[in-house]
Amino acid sequence: MSEQVFQTRYETYRTAVESYLETLFAGSPDWRDLYESMRYSLLAGGKRIRPVLTLEFARLAGLADWKTALPMACALELVPTYSLIHDDLPCMDNDDLRRGKPTNHKVYGETLAVLAGDALQPEAYRLILTAPGLDESRRAACGRILAEASGADAGCGVLEIGPGIGPLTSELAQRAGKVVSIELDRALLPILAETMAPYSNVEIVPGDVTRLDLKALIDEKFAGLRPIVCANLPYNITTPVLTALTDIPAIESVTVLIQKEAAQRLTSAKGSADGAFPLRLQYEMETECLFDVPPEKFLPAPKVTSTVLRCVRRKEPPVAVRDEAFFFRVIKGAFLLRRKTLSNSLSAALPGWDKAAIADAIAACGLPASVRGEALTLTEFAALTDALAERK
């Protein structure tokens, strides 16, 4: 490629990028100050090397019209702009100028500069996910799959956790009587305000699901509706969130997209690496792995396969026990000491109990002396609990 051809093509791409960036964040009077701050840094100039290279790659890859790649190309400009705004803050480099202009926090204040930077990152993902020409089945596959699996209808109030930019939320809104979505990332709130604007039955609740009083929230928001839960749960909060939801009797069902390995452990007939929780879950709920969702259904694609897990509240417990509180105390105690025998673990968990009586109860249930807690099913724990109660 000659220098003249290179320069002509570069200027063509750069002009197209500048024109596209000019269209971003130009409306929404509700978020005017935030959008002005975002545009201030985004339109401050620069060589636009990242989007230019993306457009040239699209052309070389055989894209019929390279302009259709503009949303994805420009998304790559939003991410470093977010980083630069934060780098200039007083707590970081404390710069006064950027490209010959006062830095964002000098013009709009530190608080708005932080929000502007934070908002640019999710907006980059929104540009990619809503880009024209992106395969529709891939863009909304997970939202549609989960919404259908949840069984939501007009009589349901759906609690959603982590809506992101709202692909699942919009699918649920078209099915349910009401959708309440809990979002931790406040930078996503302006985006959700736009993407959920067509749905009057959607309410976004800012907050951390692990710290909210979910029972009170459900009682307040879903009066007259059947509460269900539908969510794409991150791995690190799967067990604590499911534990909290299991403990709320009003919740009729829980449908979640989680890592396949986690789903298999949670539906195991015995305890697992998740401790006693799979047993507690199956005591309260009928659990079923509906189907797997391969990595290519996501954008970007993860390294693991996901599974849609559906949990439906039982009308009656699967096993009969004389003392439910003691039953769960025994199950929890069985997992107190990992890699120890059931007898040793229960001896530590049940102070005041004679170790010989515990060993005798285990033997009376036909279990070997070396058995560990993770080897027992709900039925075996029920029998053990009754056997222990008889020896107290």
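Just above, that's the structure.
Here we summarise the structure given alongside this text. Quick caveat: nothing in here was measured; it's all calculated off a predicted structure. Sequence positions are assigned chain by chain, starting from 1 and proceeding in written order. Local features in this predicted model are restricted to residues of pLDDT 70 or higher, and side-chain atom pairs are both shown and tallied only at a pLDDT of 80 or more, whereas totals for entire chains, interfaces and linings draw on every residue. As a rule here, side-chain values come from all non-hydrogen atoms in the structure, and water together with hydrogens is ignored.

Quick notes on the packing of helix H14 (residues 277-284) against helix H15 (residues 324-334)
Our working rule: Lines are fitted to the C-alpha atoms to define the axes, a helix being fitted only along its stretch in contact, and any angle between axes, read from their N-to-C directions, falls within 0 to 180 degrees. Secondary structure elements are defined from DSSP: runs of H or I of at least 4 residues count as helices, runs of E of at least 2 residues count as strands, and each element is numbered from the N terminus. Roughly parallel means an angle under 35 degrees; roughly antiparallel, over 145; roughly perpendicular, 65 to 115; everything else is oblique. Two helices crossing with the near one rotated counterclockwise from the far one by less than a right angle form a left-handed crossing, whereas a clockwise rotation gives a right-handed crossing. When checking whether two residues touch, look at their non-hydrogen atoms; a contact exists if any pair is within 4.5 Å. When residues are sorted by character, Ala, Val, Leu, Ile, Met, Phe, Trp, Tyr, Cys and Pro go into the nonpolar class, Asp, Glu, Lys and Arg into the charged class, and all the rest, Gly among them, into the polar class.
One can describe the packing of H14 onto H15 by two numbers: an axis separation of 10 Å at closest approach and a directional angle of 150°. If you check the angle between H14 and H15, you find them roughly antiparallel. The handedness of the crossing between H14 and H15 comes out as right-handed. Across the interface between the two elements, Leu-279, Arg-280, Tyr-283 and Glu-284 of H14 pack against Glu-324, Phe-327, Phe-328 and Ile-331 of H15. Tallied by class, the residues present in the contact of H14 with H15 amount to 5 nonpolar, no polar and 3 charged.

Topic: the packing of aromatic side chains
Condition: Only centres within 6.5 Å qualify two rings of Phe, Tyr or Trp (six-membered ring in Trp) as a pair; their planes then separate them into stacked at under 30 degrees, edge-to-face at over 60, and tilted for everything else.
Inspection of every chain in the model, using the stated rule, returns 8 aromatic pairs. Here Phe-6 and Tyr-10 contribute two aromatic rings whose centre-to-centre distance is 6.3 Å and whose plane-to-plane angle is 10°, an arrangement assigned as stacked. With a gap of 4 residues between them, Phe-6 and Tyr-10 both fall in helix H1 (residues 3-22), about one helical turn apart. Ring plane angle 55° and centroid distance 5.5 Å describe the contact between Phe-25 and Tyr-35, whose orientation is recorded as tilted. Note that Phe-25 is positioned in the loop between H1 and helix H2 (32-42) and Tyr-35 in helix H2, a separation of 10 residues in sequence.

Some details on the pattern of salt bridges
As a reminder, the rule being used: Salt-bridge detection follows one rule: a side-chain nitrogen of Lys or Arg within 4 Å of a carboxyl oxygen of Asp or Glu. Using a 1.4 Å probe on the protein chains alone, a residue whose accessible area is under 20% of its type maximum counts as buried, one over 50% counts as exposed, and one in between counts as partly exposed.
Under the defined criterion, the tally for this structure stands at 25 salt bridges. A salt bridge links Asp-88 to Arg-98, with the shortest nitrogen-to-oxygen separation between them at 2.7 Å. Here the residue Asp-88 occupies a position in the loop between helix H4 (70-87) and strand S1 (97-98), and Arg-98 occupies one in strand S1, the gap between them amounting to 10 residues. With a relative accessible area of 4%, Asp-88 lands in the buried category. The partner of Arg-391 in a salt bridge is Asp-360, with the nearest N and O atoms 2.6 Å apart. With a gap of 31 residues between them, Arg-391 in the segment after helix H18 (378-390) and Asp-360 in helix H17 (residues 355-364) connect regions that are remote in the sequence. Through salt bridges that share partners, Arg-322, Asp-360, Asp-386, Glu-390 and Arg-391 make up one connected network.

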